[in-house]
Amino acid sequence: MLPSLRNAGGWSPLSLVIGSLCIKHPNLFGKSEKLDVLWDKGLCDSNILVTYRKPRPEWLSQHAFIIQHSISPEIGIHGIPVENLSRSAGGGVNLSRLSAGVDLSEPASSNWSSKTSIKFEHVRPVNDDGRSISRDLHGFPVTCSMVVLKQESRFAKATDRSFTRFSVQIEQGIPILSKWLIFNRFKFAASRGIRLGPVFFLTREELDSAKVLNWNLTGGSIVGDIAPYQAFSIGGQGSVRGYGDGAVGSGRSCLVANSELTLPLSSMLEGAVFLDCGSDLGSGRHVPGNPSLRHGKPGSGVGMGYGLRLKSHLGHLQVDLAMNSLKQRTVYFGFSNVS
């Protein structure tokens with residue numbers, strides 16, 4: 001967690017350590033209070049999350065008190081696109097975030113669930129040597145403190161034939177002090193999946209290996225006072241494949257669409273073809289300092305490609321080969337554990 005361990009003019013063995021530590025206490029004060037402590041460390045980032053939950057009846061909202069501190073490179077906005085936009089290099093800005101707040105999870109009803117949270121967050125940018133900075137490489141301010149009220153609602157429904165998921169988030173910055181940010185941020189995500197071909201009288205194994213066509217649509221907008229890193233970044237594995245993180249654009253608004261067709265190749269292996277596209281809707285110039293223009297981001301982009309999905313009892317492996325509009329190819333690897 002110490003920035004000085006990352007690059008303080010000398011080599012440290014801790015800089016090469018990658019790991020995770022999780023500590024759980026199921027009955028902290030003898031009344032089923034739960035305490036979770038999670039620590040993750042990568043080569044360039046680290047995160048500590050402390051969560052305390054006090055039991056309440058199931059028909060009442062569940063409370064969680066959360067304290068979090070993290071350090072990570074900010075690449076989506078301040079990163080510099082290279083190699084025909086297929087990769088984003090570091091822009092010399094790393095974000096140290098300290099937050100504390102409360103999460104209120106409402107009891108799920110039917111297919112809907114909702115959560116409300118309020119937290120204080122202070123963001124302190126540091127450079128690659130671990131020293132505090134208040135401006136990026138081009139001299140634009142990047143520091144802020146805020147109190148954020150967030151409301152999130154989710155809908156999920158699945159049948160043997162299809163599935164539908166939808167979520168919407170609304171964040172409001174509350175200016176308790178005059179120099180704190182005041183803003184309103186809206187974000188939505190919608191997903192739809194359909195199994196192709198007849199599904200009647202099929203076994204569960206046959207259903208799992210059927211062709212599936214997936215659509216995803218995400219977007220959002222933010223108004224008010226923002227720091228540059230609060231803008232929406234477009235591009236990367238979870239956005240428009242074939243581009244580096246944030247290499248398509250960064251704006252106050254965004255819209256990203258993904259479509260993917262998976263085809264069974266064996267009981268454990270699937271093939272996939274996909275098409276992604278995204279745009280900042282012309283809002284990049286309204287981000288403070290206009291980092292999108294300064295870094296030569298186009299503001300919109302299209303990526304396409306194919307990949308493999310391997311499912312096993314150890315986890316799911318995903319490999320994608322994507323090509324962007326400049327015909328630059330990028331390979332993505334992903335692995336997730338089976339929960």
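One structure accompanies this document, and this report is about it. (Residues numbered from 1 in each chain as written. Predicted model: local features only at pLDDT ≥ 70, side-chain atom pairs only at ≥ 80, totals over all residues. Heavy atoms only, no water.)

**A closer look at unusual backbone geometry**
Even without being glycine, Asn84 reaches a positive phi, approximately 55°. Tracing the sequence through the fold places Asn84 in the loop between strand 5 (80-82) and strand 6 (87-89). Judged by relative accessible area, which is 43%, Asn84 ranks as partly exposed. A positive phi is found at Asn290, a non-glycine position, where the angle reads about 45°. Locating Asn290 in the fold gives a position in the loop between strand 16 (269-279) and helix 2 (291-294). (Helix = DSSP H or I, 4+ residues; strand = E, 2+ residues; numbered from the N terminus. Buried < 20%, exposed > 50% of the residue type's maximum accessible area, 1.4 Å probe, protein only.)

**Some points on the pairing of strand 16**
Relative to strand 16, strand 15 (residues 253-264) is paired through ten bridges, and the arrangement is antiparallel. Following the sheet pairing, Thr262 is matched in strand 16 by Ala272. Taken together, strand 15 and the strand that follows it, strand 16, pair antiparallel across an intervening segment of four residues. Judged from the eleven bridges that link them, strand 16 and strand 17 (residues 300-312) form a sheet pairing that is antiparallel. Along strand 17, the bridge assignment pairs Gly278 with Gly301. (Pairing = 2+ DSSP bridges.)

**Comments concerning the packing of aromatic side chains**
For the structure on display, the rule yields five aromatic pairs. When the ring of Trp112 is compared with that of Phe155, the centres are 5.2 Å apart and the planes differ by 50°; the resulting orientation is tilted. Of this pair, Trp112 sits in strand 8 (residues 112-126) while Phe155 sits in strand 9 (residues 144-158), placing them 43 residues apart in sequence. Look at Phe120 and Trp180: their rings are 5.5 Å apart centre to centre, the planes differ by 40°, and that puts the pair in the tilted class. Of the two residues, Phe120 is situated in strand 8 and Trp180 in the loop between strand 10 (162-174) and strand 11 (183-195); the sequence distance between them amounts to 60 residues. Looking at Phe120, the relative accessible area reads 32%, which means it is partly exposed. For Trp180, a relative accessible area of 15% translates into the label buried. (Phe/Tyr/Trp six-rings, centres within 6.5 Å; stacked < 30°, edge-to-face > 60°.)

**A short note on the nonpolar core**
Ranked by internal contacts, the top residues of the largest apolar core, which has 22 residues, are Met146, Phe183 and Tyr229. Counting residues per element, the ones that place at least two in this core are strand 9, strand 13 (232-234) and strand 15. Considering every element that reaches this core, the biggest residue donor is strand 9, with three residues. Apart from residues lying up to four places away in sequence, Phe183 is in contact with Met146, Val148, Glu171, Gln172, Gly173, Ile222, Val223, Gly224, Asp225, Ile226 and Gln230. (Core = buried A, V, L, I, M, F, W, Y, C linked by side-chain atoms within 4.5 Å. Contact = heavy atoms within 4.5 Å.)

**Re the side chain of Asp103**
Turning to its location among the elements, Asp103 is positioned in strand 7 (residues 94-105). Buried charge without a partner: Asp103 forms no salt bridge, and the closest opposite charge is Lys115, 4.1 Å away. The contacts of Asp103, once residues within four sequence positions are left out, are Gln62, His63, Ala64, Ile66, Lys115, Thr116 and Ser117. (Lys, Arg positive; Asp, Glu negative; His and termini not counted. Salt bridge = Lys/Arg side-chain N within 4 Å of Asp/Glu carboxyl O.)

**Description of the pattern of salt bridges**
One pass over the structure, following the stated rule, counts twelve salt bridges. In this structure, Glu121 engages Lys119 in a salt bridge whose closest nitrogen and oxygen atoms are separated by 3.8 Å. Accessibility expressed as a relative area gives 33% for Lys119, which makes it partly exposed. With a shortest N-O distance of 3.1 Å, Glu260 and Arg309 are connected by a salt bridge. With a gap of 49 residues between them, Glu260 in strand 15 and Arg309 in strand 17 connect regions that are remote in the sequence. For the pair formed by Glu260 and Arg309, the shared burial category is buried. Among the charged side chains, a network of salt bridges with common partners joins Arg241, Glu260, Asp276, Arg309 and Asp320.

**A short note on the environment of Val37**
Mapped onto the secondary structure, Val37 falls in strand 2 (residues 34-41). Remark: the alpha-carbon pair of Val37 and Ile23, spanning 14 residues in sequence, is separated by 5.1 Å. Setting aside residues up to four positions removed in sequence, Val37 forms contacts with Leu21, Cys22, Ile23, Leu49 and Val50.

**Considerations on the layout of surface pockets**
By volume, the largest pocket amounts to about 1,200 Å³. Lining the largest pocket are 40 residues, with Arg97, Lys150, Glu171, Arg185 and Lys187 positioned closest to its centre. Of all elements in the fold, only strand 4 (62-73), strand 7, strand 8, strand 9, strand 11, strand 12 (212-224), strand 13 and strand 15 reach the threshold of two or more residues within the lining of the largest pocket. Tallying contributions element by element places strand 7 first for the lining of the largest pocket, with six residues. (1 Å grid on protein atoms, 1.4 Å probe; cavity = no way out; pocket = protein on both sides within 12 Å on 5 of 7 lines; lining within 4 Å. Points joined across faces, edges and corners; volume = space filled by probe spheres on them.)

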